[in-house]
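Below, each chain spelled out in residue letters.
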Amino acid sequence: SWVDSVGNLWLFGGWAGGNSENDLWKYDPLTNEWTWMKGSSSAGATGVYGTKGVPAPNNTPGARNSYTKWNDGHNNLYLFAGDAFSLGNLYNDVWKYSIATNEWVWISGTNQGNNTGSASSPCVADVNNYPSARREGRACWVDPCKKFWYFGGSSQGSFNGSQNDLWKFDPVTLEWTWVSGSLSIMQSGSFGTQGVSDPSNQPPSRSGNNAWVDKDGNLWLFGGTDVNWPSAWNDMWRYVPDTLCGGSNCPF
């Protein structure tokens, strides 16, 4: 879900009792009214990708749940990845929705289910970079420069592996940067010494955790679970971006 600049609430898709949805709704707290904006009224609808980078009235993401979302502060809503429950597919596509035009546009990633992703060297931005398909990536942030950040999640099928990779997405250049962590699943991480920053520190793989950003642009995450659901975490981590690898050098 998202909140726009005038306080309306937005909701896309989700899991509906054994299937997923792709309907987009707006709720106006002032009138106490819902409006169905886009997508299908039927569960399990397939996406209409159109041409990458080209908005169109018929474009729409396919039905999914457990996706990641950002808001750029300019009344554009973004979503990434998610689980098409009825199809057994995970996605790694990025979509942008313009409130002004009521149109979706596919801007990054692939239109293939369960894609393994693509990454160049760490800290190198590229339009051909993108994380692997995944779900439950709830650790997402927007930094002071309006760049989008993403950590971990579950990949390679609905419950087959959690990850600990950290990525940054630039909504202007449409480039992903692999910043930190491993591209392989089920990483044990490296805790180091509590309270002491170190380049070798890494959170273990996980999904479904909480995340927030502080006033200085530092990224925080707490808890989560690995794919063995009884195994949950209560650790808290801080990531301080630097301008050499993924950080945003902006004047505010």
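Refer to the structure presented above.
Owing to the predicted nature of the structure, the values given are computational and were not obtained by experimental measurement.

**Student:** Help me understand the side chain of Asp-170 in this model?
**Tutor:** Tracing the backbone through its elements, the reader meets Asp-170 in strand S12 (residues 161-170). Here Val-172 takes part through its backbone nitrogen, which lies 2.8 Å from a polar atom of the side chain of Asp-170. Polar side-chain contacts of Asp-170 include one of 3.3 Å to the backbone nitrogen of Thr-173.

**Student:** Honestly, the pairing of strand S3 (residues 20-28) in this entry has me stumped. Any pointers?
**Tutor:** For a regular strand, the rule is simple: side chains alternate between the two faces of the sheet. Here 6 bridges tie strand S2 (residues 9-15) to S3, and the two strands are oriented antiparallel to one another. Residue pairing in the sheet places Gly-14 in a bridge with Glu-21 of S3. If you look at the hairpin formed by S2 and S3, you'll find 4 residues sitting between the two strands, and Gly-17 has a positive phi there, around 55°. When S3 meets strand S4 (residues 33-38), the two strands line up antiparallel, connected through 5 bridges.

**Student:** Explain the layout of surface pockets to me, please; I cannot follow it from the model alone.
**Tutor:** The method is simple in principle: a probe with the dimensions of a water molecule rolls over the atoms, and the space it marks as empty is what remains. If you add up the space inside the largest pocket, you get close to 820 Å³. Along its surface, the largest pocket is lined by 27 residues, and Ser-197, Asn-201, Trp-237, Arg-238 and Tyr-239 are the ones closest to its centre. When residues of the lining of the largest pocket are traced back to their parent elements, those giving at least two are S12, strand S15 (219-225) and strand S16 (232-239). The leading source of residues in the lining of the largest pocket is S16, at 6 residues. Class assignment of the residues belonging to the lining of the largest pocket gives a composition of 14 nonpolar, 10 polar and 3 charged. Roughly 360 Å³ of volume is contained in the second largest pocket.

**Student:** What's the story with the sheet that holds S3 in this structure? I'm lost.
**Tutor:** Sheets are built from strands that pair by backbone hydrogen bonding, the pairs being arranged parallel or antiparallel. One open sheet holds the 4 strands; their spatial order is S1-S2-S3-S4, and the pairing between them is antiparallel. The open sheet has two free edges, formed respectively by strand S1 (2-3) and S4, since each of these has just one partner strand.

**Student:** Would you explain the packing of aromatic side chains in this entry?
**Tutor:** We describe a pair of aromatic rings using the distance from one ring centre to the other and the angle between the two ring planes. Per the counting criterion, the structure on display carries 24 aromatic pairs. Measuring from ring centre to ring centre gives 5.5 Å for Trp-10 and Tyr-97, while their planes differ by 55°; the resulting arrangement is tilted. Residue Trp-10 is located in strand S2, and its partner Tyr-97 is located in strand S7 (residues 89-98); the two are separated by 87 residues in the primary sequence. The same class applies to Trp-10 as to Tyr-97, namely buried. On the basis of an interplanar angle of 90° and a centroid distance of 5.9 Å, the ring pair of Trp-167 and Trp-176 is categorised as edge-to-face. Classification of Trp-167 by relative accessible area gives buried; the value is 1%. According to the relative accessible area criterion, Trp-176 is buried, its value standing at 0%.

**Student:** Help me understand the nonpolar core, please; the structure alone is not making it clear to me.
**Tutor:** As a rule of thumb, soluble globular proteins bury nonpolar side chains together. Core analysis: the largest hydrophobic core is formed by 15 residues, its most contacted members being Trp-70, Phe-80, Val-94, Ile-107, Phe-169 and Trp-176. Taken together, the elements giving at least two residues each to this core come down to strand S6 (76-84), strand S8 (103-108), strand S11 (148-155), S12 and strand S13 (175-180). Here the element with the most residues in this core is S6; it accounts for 3 residues. Those residues in contact with Phe-169 that sit more than four places away from it in its chain are Val-94, Ile-107, Ser-108, Lys-147, Phe-148, Leu-174, Glu-175 and Trp-176. Formed by 14 residues, the second largest nonpolar core is a distinct cluster that contains Trp-2, Leu-24, Tyr-91 and Tyr-97.

What counts, and at which threshold
Numbering of residues starts from 1 in every chain and runs along the sequence as written. Reporting of local features is limited, given that this is a predicted model, to residues whose pLDDT is at least 70; pairs of side-chain atoms are given and counted only at 80 or more, and all residues count toward the totals for whole chains, interfaces and linings. Neither water nor hydrogens contribute to the side-chain values; these are computed over all heavy atoms in the structure. Runs of H or I in DSSP of at least four residues are treated as helices and runs of E of at least two as strands, each being numbered from the N terminus. Pairing of N or O atoms within 3.5 Å defines a polar contact, subject to two protein rules: one partner must be a possible hydrogen donor and the other a possible acceptor, and residues neighboring in sequence count only if both atoms are side-chain atoms. In this description, strands pair whenever DSSP reports at least two bridges between them. Points on a 1 Å grid, built from protein atoms alone, make a cavity when a 1.4 Å probe fits but cannot get out and make a pocket when they are open with protein on both sides within 12 Å along at least 5 of 7 lines; residues with an atom within 4 Å of a point are the lining residues. Grid points are joined across faces, edges and corners, and a volume is the space filled by probe spheres set on the points. The residue classification treats Ala, Val, Leu, Ile, Met, Phe, Trp, Tyr, Cys and Pro as nonpolar and Asp, Glu, Lys and Arg as charged. All others, Gly included, are polar. Two aromatic rings from Phe, Tyr or Trp, using only the six-membered ring of Trp, form a pair when their centres are within 6.5 Å; if the ring planes differ by under 30 degrees the pair is stacked, by over 60 it is edge-to-face, and anything between is tilted. Relative accessibility decides the category of a residue: with a 1.4 Å probe and only protein chains considered, values under 20% of the type maximum give buried, values over 50% give exposed, and everything between is partly exposed. Remark: nonpolar core denotes a set of buried residues (Ala, Val, Leu, Ile, Met, Phe, Trp, Tyr, Cys) joined through side-chain atoms within 4.5 Å. Residues count as neighbours in contact if any of their non-hydrogen atoms are within 4.5 Å of one another.

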